[in-house]
Amino acid sequence: MTSRRAFLAGASALGAVAFRADALDRAAGAAEDLGDARPCDLAADEDYWGEIQRCFDADRTVVNLNNGGVSPTPTHVLEAMIRDLRFTNESPVQHMWRVLEPRVESVRRDLAREFGCDPEEIAVTRNASEAMETLIFGIDLKPGDEAIITDQNYPRMQTSWAQRARRDGIVVKKLAFPVPLTSPDDFLGRIEAAITPRTRVIEIPQVTNLTGQVLPVREVVALGKSRGIEVFVDGAHAFAQLPFRRDDLDCDYFGTSLHKWLLAPIGTGFLYIRKAKQKSIWPLMGADPELDEDVRKYEQIGTHPAANHNAVSAAIAFHRAIGVERKSARLRHLRDRWARALLDASPKFKLWTPLDPDWSCGIALVQIEGIDCGKLFGHLWDKHRIVTSPTKHAQFEGVRISANVYTTPQELDLFVDAMKNAAANGV
Ligand SMILES: Cc1ncc(COP(=O)(O)O)c(C=O)c1O
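Residues numbered from 1 in each chain as written. Predicted model: local features only at pLDDT ≥ 70, side-chain atom pairs only at ≥ 80, totals over all residues. Heavy atoms only, no water.

**Topic: the packing of aromatic side chains**
Our working definition: The rule is short: rings of Phe, Tyr and Trp, with Trp giving its six-membered ring, pair when the centres are within 6.5 Å, and they are stacked under 30 degrees, edge-to-face over 60, tilted in between. Helix numbers and strand numbers start at the N terminus; a helix is a DSSP run of H or I with at least 4 residues, a strand a run of E with at least 2. Note on classification: 1.4 Å probe, protein chains only; a residue is buried when its accessible area is under 20% of the maximum for its type, exposed when over 50%, partly exposed between these limits.
Scanning all chains against the criterion turns up 16 aromatic pairs. Ring centres 4.7 Å apart and planes at 35° place the aromatic pair F115 and F254 in the tilted group. Note that F115 is positioned in helix α8 (residues 104-115) and F254 in strand β7 (residues 253-257), a separation of 139 residues in sequence. Here F115 and F254 have matching classes, each one buried. Note on F239 and F270: the rings are 5.0 Å apart at their centroids and 90° apart in plane angle, and the pair reads as edge-to-face. Here F239 is found in the loop between β6 (230-234) and α13 (246-249), whereas its partner F270 is found in strand β8 (residues 269-273), with 31 residues between them in sequence. In this structure, F239 and F270 share a single accessibility class: buried.

Right, here's the structure in full:
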């Protein structure tokens, strides 16, 4: 068990570049060393996570605690994309269209395996917005038909629904719910109470971007199915962060970005639509009728780089080498490290996210009572070079913290000290 670690510790002196080139081997090798360690035990194993941290070219002069926005990709994934961009540029028509683009089929296969569906149910998109907007604008709705969403849905999706209401005369019912959620039944009850005979569709995030609250998606999907209502799941923060597969949700529709928790290059995502439902969802950009029942109709977006989406397969290999259960447990462990330290330090810290593992993930929202979150965000950056996400909602506010697998415990301790200082002395 120690031989590989001893080698890796010594190898750091040889220089970072050679060290990073075999990041995938290193992640897989580190996993081999683990024996039967349970994900929750491994979550605090700094030898293992130290090896994962070194797979990234993170700039350690800043502490990046906003990985929920968009995340860096491991160095070897970036290199795969750059290699393909260079190859593309040598002769774009030949190399990109003829050689590289057809390999999107391998990405489709890999994503389907990871999500637990048929490859013919996966469209490769540029992000979650494209995936979810395909659904929002692609479903046939008549004036007066109703859509149920929440006021904690991602803003772009709320905007898209509002535009559909203006254009097509549909009715969008926007529900509020308390956070931390008191119980999954509370959420389900609110959705159920909003359903009428005109309800055609429900759209909800699996994990909210505001507080990291996990919502009872499986139950909402079941409710929708029992009433003949389509349920669109925004999985932007769930895929590759939480351990689940399609059948755990039993969903017919799901969209996600891959540049958040899969750690794939920026500009990658996917849309899943169950085969039987594809005919009734229009693509965002026009497609020929021959593609009506072909998931590739959602990929008719014109000229785009093949390099970015092809590197998704390298990101999946890295993700599998860690394993989603281990990753999920580590992200919660990191969140607990800073969140519990603040909660223990002073009643001035308010956490808007539950710590219960069933309903939370690596993302959490913290407020210092009496301090505006925008000012706190500015202070953390200006004085400490700590990146957070200021978050305001009608019911709550704070700075959103989302560490990642390359985040070190020491970086989180710097954040804790900076927050304690701000609470004691102001910003
Ligand atoms: C819940 C949720 N959905 C969708 C998105 C949109 O992601 P993207 O900008 O990658 O399309 C985000 C981004 O943070 C999000 O948090």
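**Regarding helix α11 (residues 184-194)**
Going by this rule: Think of the arc as the fan of directions from the helix axis to the C-beta atoms. In this description, contact between two residues means that some pair of their heavy atoms is separated by no more than 4.5 Å.
Listed in full, the buried residues belonging to α11 are F187, L188, I191 and A194. For α11, the buried positions fall inside an angular range of 130° around the axis, keeping them on one side. Exposed side of α11, more than 90 degrees from the buried face: D185 and A193 are the residues found there. Considering only its buried residues, α11 is in contact with β3 (146-150), β4 (171-175), β5 (199-205) and α12 (217-226).

**Focus: the nonpolar core**
Selection rule: Among buried residues, those of type Ala, Val, Leu, Ile, Met, Phe, Trp, Tyr and Cys that are joined through side-chain atoms within 4.5 Å constitute a nonpolar core.
Within the largest apolar cluster, 59 residues are counted, with the highest numbers of intra-cluster contacts made by L111, F115, F239, F254, L262 and F270. Leaving out residues up to four positions away in the same chain, F270 has contacts with L111, F115, I122, A123, T125, A131, F239, F254, G255, T256 and L258. Membership of the second largest hydrophobic core comes to 26 residues, among which are F349, L351, L376 and V416.

**Side note on the pattern of salt bridges**
Any two side chains of opposite charge can pair, given that their charged atoms come close. Going by this rule: We define a salt bridge as a side-chain nitrogen of Lys or Arg found within 4 Å of a carboxyl oxygen belonging to Asp or Glu.
Tallying each qualifying case throughout the model produces 29 salt bridges. The closest approach of N and O atoms between E411 and R60, which form a salt bridge, is 3.1 Å. Placement of E411 in helix α18 (residues 409-425) and of R60 in the loop between α5 (46-53) and β1 (63-64) is noted, with a sequence separation of 351 residues between them. Judged by relative accessible area, which is 9%, E411 ranks as buried. For R337, the salt bridge is made with D413, and the minimal N-O distance between the two is 2.8 Å. One end of the pair, R337, is in helix α16 (residues 324-345); the other, D413, is in helix α18, with 76 residues separating them in the sequence.

**Quick notes on the environment of S280**
Inclusion rule: What qualifies as a polar contact is a pair of N or O atoms within 3.5 Å, subject to a donor-acceptor requirement within protein and to the restriction that residues adjacent in sequence count only when both atoms come from side chains.
By secondary structure assignment, the location of S280 is in the loop between β8 and α14 (306-310). In the structure, S280 is positioned 108 residues away from T388 in sequence and 41 Å away in space, judged by C-alpha atoms. At 3.0 Å, the side chain of S280 forms a polar contact with the backbone oxygen of K277.

**Concerning the packing of helix α6 (residues 75-90) against helix α7 (residues 92-100)**
Selection rule: Axis lines are fitted through C-alpha atoms, for helices just across the contact stretch, and the angle between N-to-C directions can take any value from 0 to 180 degrees. Orientation labels follow simple angle bins: below 35 degrees gives roughly parallel, above 145 gives roughly antiparallel, 65 to 115 gives roughly perpendicular, and whatever is left gives oblique.
It is the contact of α6 with α7, at a shortest axis distance of 5 Å, that shows an interaxial angle of 130°. Here α6 is positioned oblique relative to α7, judged by the angle of their axes. Taken together, the residues of α7 that come into contact with α6 (itself represented by D84, F87, T88, N89 and E90) are P92, H95, M96, V99 and L100.

**Things to note about the site of the ligand**
Convention followed: Any residue with a non-hydrogen atom lying within 4 Å of a molecule or strand is treated as near it. Basically, the charged four are Asp, Glu, Lys and Arg, the nonpolar ten are Ala, Val, Leu, Ile, Met, Phe, Trp, Tyr, Cys and Pro, and anything else, Gly included, counts as polar.
Around the ligand lies a shell formed by N127, A128, S129, Y154, M157, N209, D234, A236, H237, S257, H259 and K260. In this structure, S129 approaches the ligand through a side-chain N or O atom, which is 2.6 Å from an oxygen atom. With respect to the ligand, the side chain of S257 contributes an N or O atom lying 2.7 Å from an oxygen atom. Tallied by class, the residues present in the shell around the ligand amount to four nonpolar, six polar and two charged.

**A look at the sheet that holds β6**
For the record, the criterion: Note: two strands are recorded as paired if DSSP finds a minimum of 2 bridges between them.
An order of β2-β8-β7-β6-β5-β3-β4 is seen for the seven strands of this open sheet, with the pairing classed as mixed. With partners counted over all chains shown, the strands left at the sheet margins are β2 (122-125) and β4, one partner each. On average, each strand axis in the sheet is inclined to that of its neighbour by 15°, with strand direction left out of account. Judged from the four bridges that link them, β2 and β8 form a sheet pairing that is antiparallel.

**Comments concerning helix α15 (residues 312-322)**
Where burial is concerned, most of α15 is hidden: nine out of the 11 residues are buried. For α15, the set of buried residues is V312, S313, A314, A315, I316, F318, H319, A321 and I322. Positive phi appears at G323, one or two residues downstream of α15, with a value of about 100°.

**Some words on the side chain of S71**
On the secondary structure map, S71 appears in the loop between β1 and α6. The exposure class assigned to S71 is buried, which follows from its relative accessible area of 3%. Those residues in contact with S71, other than ones at most four positions away along the chain, are H259, K260, L263, N404 and Y406.

**Brief notes about the domain arrangement of the protein chain**
For interface size, the figure often reported is the accessible area lost on association. Stated formally: For the domain bounds, the source is a domain assignment made automatically or taken from a database. Buried area: the sum, over both parts, of the accessible surface (1.4 Å probe) that disappears when the two are put together.
Assigned domains within the protein chain: domain 1 (2-66 + 323-425) and domain 2 (80-318). Domain 1 and domain 2 are separated by 27 Å when their C-alpha centres are compared. The interface is formed by 33 residues belonging to domain 1 together with 27 residues belonging to domain 2. Between domain 1 and domain 2 the total buried area reaches about 2,400 Å² when both faces are included, carbon and sulfur atoms providing 66% of it. Joining domain 1 to domain 2, the criterion identifies zero salt bridges. Scanning the region where domain 1 abuts domain 2 turns up nine residue pairs in polar contact (both at pLDDT 80 or more). For the side of domain 1 that touches domain 2, the secondary structure elements donating two or more residues are α3 (23-32), α16, β10 (363-368) and β13 (397-402).

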